[in-house]
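# An overview of the molecular structure
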Amino acid sequence: MKGFKQRVLSRSRSAHDQSPPAGSSGSSATSVQSSQSGQSGKSTNAPTGNSGSTSRSSRKDSSAKEQSSRTNSDSSRGSSGQSKPGPSAPSIVIGTPPPATTTSSVQPLQPSPTSPATYQGSPGSASPQTTVGNAVNGLSAVMHVPPPGATETMPGDLTAPRHGQRSPTFDRLKTGIPDEIGSPTRRHHSSRFEVSAKRELEKLPGFHEVPATNRQDLFFKKIEQCNVIFDFGDPSSDMKSKEIKRVALHELLDFVSTTRFTYTEQMYASVVDMFARNLFRPIPPPVNPVGDIYDPDEDEPVLEIAWPHMQVVYEFFLKFVESPDFQHSVAKAYIDHHFVQQLLELFDTEDPRERDYLKTTLHRIYGKFLNLRSFIRRCINNVFFQFIYETGRFNGVAELLEILGSIINGFALPLKDEHKIFLTRVLIPLHKAKSLSLYHPQLAYCIVQFIEKDPSLTEEVVLGLLHYWPKVNSPKEVMFLNEIEDIFEILESPEFLKIQVPLFQQLAKCVSSQHFQVAERALYLWNNEYFVALMSENVETILPIMFSALYRNARGHWNRTIHTMVCNAVKMFMELNPTLFEECAALYRETEEHADSKEEHRQLLWKQVEESAKRNATDTMVQ
Amino acid sequence: MSSVSTDELYPIAVLIDELKHDDVSLRIAAIERLSTIALALGPDRTRSELIPFLEESLDDEDEVLTVLAEQLGNFVPYIGGSQYANVLLPPLESFAGVEEPLVRDKAVESLNKIVNEMSSNQVEEYLLPLVKNLTTADWFTSKVSATGLYAAVYQKVTSQSKGGLRQLFGQLVYDDAPMVRRAAATHLTGLIPYIDAETVVADIVPFFLYLAQDDQDSVRLLTIDVLIAVSRLLGPEVVREHLLEQLKKLFADKSWRVRYMVADRFEQLALAVAAGDEMVLKTHFVPAMVRMLKDSEAEVRTVIAKQIPGFCQLVGRESVLEDILPCIEDLVNDPSQHVRAALATKISGLAPILGKDLTIKYLLPMFLQMLKDEFPEVRLNIICKLELVNNVIGIDLLSQSLLPAITQLAQDKQWRVRLAIIEYIPLLASQLGMEFFDTQLRDLCIAWLHDNVYSIRDAATENLKNLTKVFGVAWAKATIIPKVIEAGSNPNYLYRMTSCVAATTLAPVVTIDVIRDDLLPFLNNLAVDPIPNIRFSVARSYETLQRLLLEKAAEPELDSDAMVEATTPAPDEDARAREVRVADVNEIIRDIIVPNLEKLKEDEDVDVRFFANKSLQAIG
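The residue numbering used here restarts from 1 in each chain and proceeds along that chain's sequence as written. Lettering for chains starts from A, numbering for ligands starts from 1, and both go in the order in which the items are written. Per-residue local features of the predicted model are confined to residues with pLDDT of at least 70, and side-chain atom pairs are confined, for both listing and counting, to 80 or more; whole-chain, interface and lining totals are unaffected and use all residues. Hydrogen atoms and water are omitted, and side-chain values are computed over all heavy atoms in the structure.

### Focus: the overall build of chain B
Secondary structure summary: chain B contains 38 helices and zero strands in total. For a compact globule the rule gives 2.2 Å times the number of residues to the power 0.38, and the radius of gyration it is set against comes from C-alpha atoms. Radius of gyration (C-alpha) of chain B: 34 Å, far over the 25 Å computed for a compact globule of 620 residues. Overall, chain B is about 90 × 85 × 50 Å in size when its C-alpha atoms are taken along their principal axes. Should any heavy atoms of two residues lie within 4.5 Å, those residues are counted as being in contact. Long-range contacts, defined as pairs at least 24 residues apart, comprise 70% of the intrachain contacts of chain B with a sequence gap of at least 6. On chain B, the mean spot of the 60 positive side-chain charges and the mean spot of the 91 negative ones are 4 Å from each other. In this description a helix means any DSSP run of H or I spanning at least four residues, a strand means any run of E spanning at least two, and both kinds are numbered starting from the N terminus. Working convention for charge: Lys and Arg count positive, Asp and Glu count negative, and His plus the chain ends are omitted. Lys charges are placed at NZ, Arg charges at CZ, Asp charges at CG and Glu charges at CD.

### A look at the overall build of chain A
When you go through chain A residue by residue, the secondary structure sums to 25 helices and zero strands. Buried means the residue's accessible area, taken with a 1.4 Å probe over protein chains only, is under 20% of the maximum for its type, while exposed means over 50%, and partly exposed covers the values in between. Across the 623 residues in chain A, those meeting the buried criterion constitute 56%. Of the contacts formed within chain A by residues at least 6 apart in sequence, a portion of 78% connects residues at least 24 apart. Using a 1.4 Å probe, accessible areas were evaluated by the Shrake-Rupley method; residue-level cover was limited to the displayed protein chains. Surface accessibility of chain A: about 27,000 Å² in total, with carbon and sulfur atoms responsible for 55%.

### Observations concerning the confidence of the model for chain B
All names here are of chain B. Taken over all residues, the pLDDT of chain B has a mean of 83, while the share at 70 or more is 95%. The element-level mean pLDDT for chain B is lowest in helix α1 (residues 6–9), coming to 52, with helix α10 (residues 140–147) highest at 92. What pLDDT reports is the predictor's confidence in each residue, on a scale of 0 through 100. Considering only residues more than four positions removed or in separate chains, one finds that residues 1–5, a stretch of pLDDT under 50, has 10 contacts. Segment residues 558–566: pLDDT under 50, and 12 contacts once partners within four positions in sequence are set aside and those in other chains are kept.

### A look at the environment of L549(B)
Residues and elements named next belong to chain B. Within the element layout of this structure, L549 appears in helix α36 (residues 532–554). Residue classification places L549 among the buried residues on the basis of a relative accessible area of 0%. Sequence separation of L549 and L244 is 305 residues, and the distance between their C-alpha atoms is 69 Å.

### Some points on the interface of chain B and chain A
If you look at the interface, chain B gives 43 residues, while chain A gives 37 residues. Buried area: the accessible surface (1.4 Å probe) lost by two parts on joining, summed over both. Together chain B and chain A conceal approximately 3,700 Å² of surface at their shared face, both sides included; 55% is due to carbon and sulfur atoms. Summed over the three residues of chain B that lose the most area to chain A, namely R33(B), E99(B) and W139(B), the buried surface amounts to 14% of that side. For this analysis, a salt bridge means a side-chain nitrogen from Lys or Arg found within 4 Å of a carboxyl oxygen belonging to Asp or Glu. Inspection of the region where chain B meets chain A yields seven salt bridges. Among the salt bridges present, the one from R33(B) reaches E610(A), with a minimum N-O distance of 2.4 Å. Polar contact is the term for a pair of N or O atoms within 3.5 Å; when the atoms are in protein, one must be able to donate a hydrogen and the other to accept it, and sequence-neighboring residues count only if both atoms are side-chain atoms. At the surface where chain B touches chain A, the tally comes to nine residue pairs in polar contact (both at pLDDT 80 or more). Listing elements by their share of the side of chain B that touches chain A, those giving two or more residues are α1, α2 (11–19), α3 (24–32), α4 (34–41), α6 (62–73), α8 (101–117), α13 (178–191) and α18 (256–264) of chain B.

### Focus: helix α29 (residues 415–432) of chain B
Residue and element names in this part refer to chain B. Residue count minus one, scaled by 1.5 Å, sets the expected span of a helix. Relative to the 26 Å expected for 18 residues at 1.5 Å per residue, α29 spans 24 Å between its end C-alpha atoms, a close match to the ideal helical length. Here the bend at a residue is taken as the angle between two axes, fitted respectively to the seven residues that end there and the seven that start there. Along α29, the largest kink reaches about 40° and is centred on I425; proline P426 follows within four residues of it. Residues V417, R418, L419, A420, I421, I422, I425, P426, L428, A429, Q431 and L432 constitute the buried set of α29. Structurally, α29 contributes buried residues whose contacts are with α26 (376–384), α27 (386–393), α28 (396–410), α30 (434–440), α31 (442–447) and α32 (454–471). Of the residues flanking the end of α29, it is G433, one or two places downstream, whose phi is positive at about 90°.

### A word on the packing of helix α16 (residues 223–234) of chain B against helix α17 (residues 236–251) of chain B
Residue and element names in this part refer to chain B. The convention used is that axes are lines fitted to C-alpha atoms, helices contributing only their stretch in contact, and that angles between N-to-C directions extend from 0 to 180 degrees. For the pair α16 and α17, the least separation of the axes is 9 Å and the interaxial angle reads 165°. As summarised for this structure, α16 and α17 are arranged roughly antiparallel, according to the angle between their axes. Handedness of the α16/α17 crossing: left-handed. For the pair α16 and α17, contact is made by T223, I224, L227, V230, S231 and L234 and by P236, V238, V239, L243, L247 and L250, respectively. Tallied by class, the residues present in the contact of α16 with α17 amount to 10 nonpolar, two polar and no charged. Here the word oblique covers every angle except those under 35 degrees (roughly parallel), over 145 (roughly antiparallel) and from 65 to 115 (roughly perpendicular). Rotating anticlockwise by less than a right angle from the far helix to the near helix defines a left-handed crossing, while the corresponding clockwise rotation defines a right-handed one. Classification convention: Asp, Glu, Lys, Arg as charged; Ala, Val, Leu, Ile, Met, Phe, Trp, Tyr, Cys, Pro as nonpolar; all other residues, Gly among them, as polar.

### Some points on the nonpolar core
Take the buried residues of types Ala, Val, Leu, Ile, Met, Phe, Trp, Tyr and Cys, join any two whose side-chain atoms come within 4.5 Å, and each joined set is a nonpolar core. Counting residues in hydrophobic clusters, the biggest one holds 377 residues, and the most contacted among them are L427(A) and F285(B). The contact partners of F285(B), leaving out residues within four places of it in the chain, are L247(B), F251(B), F266(B), L269(B), A270(B), V273(B), A274(B), V280(B) and F311(B).

### Here's the deal with unusual backbone geometry
As a rule of thumb, non-glycine residues mostly have phi less than zero, and peptide bonds are mostly trans rather than cis. All names here are of chain A. Cis geometry is adopted by the peptide bond preceding P414, which originates at L413 and carries an omega value of -5°. Assignment of secondary structure puts P414 in the loop between α15 (397–409) and α16 (417–427). Its identity as a non-glycine residue notwithstanding, D238 has a phi of 50°, on the positive side. Inspection of the secondary structure puts D238 in the loop between α7 (215–226) and α8 (239–258).

### A closer look at the packing of aromatic side chains
All names here are of chain A. To pair, rings of Phe, Tyr and Trp, with the six-membered ring standing in for Trp, must have centres within 6.5 Å; the planes then decide the type, stacked if under 30 degrees apart, edge-to-face if over 60, and tilted in the middle. Considering all chains together, one arrives at 58 aromatic pairs over all chains under this definition. Ring centres 5.7 Å apart and planes at 85° place the aromatic pair F275 and Y314 in the edge-to-face group. Of the two residues, F275 is situated in helix α9 (residues 265–279) and Y314 in helix α10 (residues 307–322); the sequence distance between them amounts to 39 residues. For F275, a relative accessible area of 1% gives the class buried.

### As for the pattern of salt bridges
Counted according to the given criterion, the structure contains 50 salt bridges over all chains. As a salt-bridge pair, E61(B) and K471(A) come within 2.9 Å of each other at their nearest N and O atoms. Here E61(B), found in the loop between α5 (43–57) and α6, pairs with K471(A), found in the loop between α18 (458–467) and α19 (474–489), and the two come from separate chains. Two residues, R257(B) and D217(B), come together in a salt bridge whose shortest N-O distance is 3.8 Å.

### As for the packing of helix α23 (residues 317–332) of chain B against helix α25 (residues 350–370) of chain B
All names here are of chain B. Put simply, α23 and α25 touch, their axes get as near as 11 Å, and they point 15° apart. Relative to α25, α23 is oriented roughly parallel. The way α23 lies across α25 gives a crossing that is right-handed. Contacts between α23 and α25 involve R317, V320, L321, L325, I328, E329 and V332 on the former and, on the latter, L350, I353, L354, L358, Y362, M366, Q369 and M370. Residue composition of the contact of α23 with α25, grouped by class: 12 nonpolar, one polar and two charged.

### Notes on the environment of N473(A)
Topologically, N473(A) is positioned in the loop between α18 and α19. Residues N473(A) and K434(A), 39 residues apart in the sequence, show an inter-C-alpha distance of 8.8 Å.

### Remarks on the side chain of S348(B)
Within the secondary structure, S348(B) is located in the loop between α24 (337–346) and α25. Those residues in contact with S348(B), other than ones at most four positions away along the chain, are F367(B), K385(B), L388(B) and V389(B).

### A word on the environment of M535(A)
Residues and elements named next belong to chain A. Here M535 lies in helix α22 (residues 529–537). Looking at M535, the relative accessible area reads 0%, which means it is buried. If we skip the residues at most four places from it in the chain, M535 touches F504, W526, I542, M572 and F573.

### Side note on the side chain of S142(B)
Residue placement: S142(B) occurs in helix α10. What S142(B) contacts, discounting residues up to four positions off in sequence, is A96(B), G97(B), L134(B) and A137(B).

### Some points on α22(A)
All names here are of chain A. Of the positions making up α22, those classed as buried are F531, V532, L534 and M535. Down the axis of α22, the buried set is contained in an arc of 165°. They therefore lie on one face. Every exposed residue of α22 that faces more than 90 degrees away from the buried side is listed here: E529 and E537. In the core, the buried residues of α22 are packed alongside α19, α20 (493–511), α23 (539–554) and α24 (560–576). The arc in question is the one traced by the directions running from the helix axis out to the C-beta atoms.

### Re the confidence of the model for chain A
Residue and element names in this part refer to chain A. In the predicted model, chain A carries a mean pLDDT of 72, and 66% of its residues have values of at least 70. Note that pLDDT drops below 50 for residues 153–157; the model gives that stretch 26 contacts with residues more than four away or on any other chain. Below a pLDDT of 50 lies the segment residues 159–187, which in the model reaches 81 contacts outside its immediate sequence neighbourhood of four places, other chains included.

Below, the structure is given as structure tokens:
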């Protein structure tokens, strides 16, 4: 209920907003998002069983607020004056090769916990970022038109919904890492790196301290320092060298984001190699329960203990790729299939912070490297197939779907067959997995994107949803109903005619569900004006399907709310077409009366078949 | 009957009607009765009408298709025998390509069943094109299904077609989609036994090498079984020549999942690759074992710990002592409780390998330490496997450490842990001896009768019975039975109930005298208990006792009697003694049991009356 109200509310807010997110997709993205923030708000109010929940929940409260404020758009974040103490994930910028205009807007670095005050940028400096965000939004709106010859574009913003239930956790992390990491009771199950043998590092001069001609050399030396891998399992080991590497990473990050430089091929090689050495590793065995038993609010997320270094490596790599001097024609020798494959494997990490960076990184690579696009899509599909049909577990499904949401947004029309197959054979089967709740908002966003692009896909999508409709999992059923309503937002009347019969057969079952949340969610559709309009146009088809379900529950349902809602729905039908209603009622009574005799007849038929079967069996025996 | 027209009687019409139902369970039920419909149609019409109908008109939910795919596998008799088996293939072929794995798997299973019933010619004619279609299909689902068919088809075709099949299989091995490669790796294992050694070296070993170097660990880990299958066929020497290098890479794979798989199959691998070759074992397998015992992932250490005794049997005692034992000592202190628990189940297996002296020197300290482990499962696992150690060094050396471990487990918070230890008490008792038991463990066993959890109290009564079997009736009469009777006056009715049950459970293993003198008077007291549940339990117990008394009287000799010297009668007195006993027993039943049941029959509580009547009827 709360989520629903908030959703309407936020939609009106976003309409008033000065700069709505780019593209026509903006409003629907916002609506999906805000409905989650409503959910997360609700979960915050629920009492938590944890000890010391007061401090934790208050933290969550603020993060939920933050979340909802962020949904509106980047600009409102700035103006609302909420300063975020922790580092935010890098704001997602355009994926297409950057035009010269971006060079003017140098992005400020977000402060990170590893570099408190020493590093540039104060915690409250969100305002310059806002301008960048706006500029980006404006740009992306322009670039939504595909360049000549391109089969798809990259939209400007990864505005795809954030995962509502996970985000608060994520925000909580940002503020809560330092004290949580030290507690001895935590089950640490961080990745294991191969620690380098020689770990003694010596401090090198900063880039500004050497003449410009020596900078390339210094760049290599610093990269070399960053190739040394430390053991973070032992906090007391190599403290000095760890600090030197951290500083070196930050200097490199600073260098690529502030200095114009013509990178040599050697430099590309060393950067990619350093990224690989620091991050490519086997993902350790899972710690938290898998799938829908995983409760983002209760289960502690597993955190990488080497994160202080890993984070800066990600940031540095991102800035490097985003740099105006970055030339993908040179880099493509190093950022290849193998690289992408290994990057994708990292998405299974249990650390939500890392997945967030991975998402941005892969999105950026997808945007820059046209030659890798179809390969990346294929690899993501393979990950999904393994998830759906084989293992049922993969941590990064939501993040990958977010990337895909952005990719789909950029598909050129008419849609290629390959993309349609992707919809029917990958996205729709993703509804089957048990842990749907962990990525449903992102998935629903992708689906809606597709229908928006090509309304003729509606029939296939809805039939697909009906095919995978949950039989016993009520929370999942509610999610499906949510998605149906999302689809209704953009449903065109001729498409509705194609799906109305099977859809309403299912809705009739949902309305009769003994689980009141399912019935309630289904009956909520009657509050949707467009839904009601479509229904009244086709009442001759729909009422006969719905009649028995409504009639039976109008006579009594264990839940009073449902009972009232059903009665209202029945009243509506009665007013829409009284004669038809009477006919249906008469028909219903008749079928009720004949139900027994029909069943008898059925049994009789089977008996006869059985008898002739027996006869035949003995005949064959005789032969 | 007359209401059924002939038109409706057409069995397919019945089926069509049934498949229109809204309720999936009704549609499934209809498909499950498909054989009935086929019989009613007769084989000819089943072939010409039913199967085409199924093929065309079935676009149902996956649940229904799964059942149908399964049914078709058993359909050969209904279509007129195996010579017509090919008509079943087309629907199954299309099921093999659907998205849902359950349907696909059932379709493949059914296809394999049908292949086994077909002649070689039929397989050549119908199955080869089918396998080829699936293998070269566009979508991965068909290819995945195809991998499951090769083993069955391969056995039945000519050697010429065999070459073609191997080539086709190669396409699956080298497929782009990891799903297909995984399926190919899985089913390659089943195919290998049907290929001759030379061809395996030429054709299959390259497949293995390709898959074992796959980018995806999920593919690589499946090649371990392939390697074992290849080794079994070729023998260790040929394998070492071709595959040792690859195996070494798998030993040290970057992915823990692969190492886990290697660890899990370690003993089999060692047997298949290095059987009988000390050198290879020593230079490759022992170091690999040592590395895995020190693996960074607890999952790997857990599975390799389970391979310790099996593998140690293969290598000499020397390298066990030198290389492996030091690692095991580390594992005893492993940070992961699961590793320690796995080690605890298997470590006893080393005792027979090491012999008495070495066990005392090396293993005993580990046992003692693990008996003090903070994780109950570790202690429990050690105690469970104590028999192996006991056989080698005797229990005396351990008994002092055992006691605190047992007492602790007996009071563990987890009732399942308590339950597990109770089940081992009789075994321990027999090994520890009566004296030790009486002084140390007896009170524990009685205390369990007062546990908060019913299952524990239940197990405790069973335990008393088993202990009586071990130590004899005289012991029970002297030590246990008084305690049980004492518990019968506990103010909590649940404990009185337990006593009642305990008395009944003990009855089969004690003598008639004990029943008459101790148990029956005790039950008679409980028969007037204020709680009706106890009264009807007594009513039920009477019946059991009556039956047992008659049995005991009829039996010439009781096992437990043997323990009690005084009651051992001479053989020639046997018949007379039996008569006396039967008379005695009848007297007990007539004078004690029946009157008490008659009283209970008049009880105010309906359940008590019910059970009293029931028992009386049984007594007759």
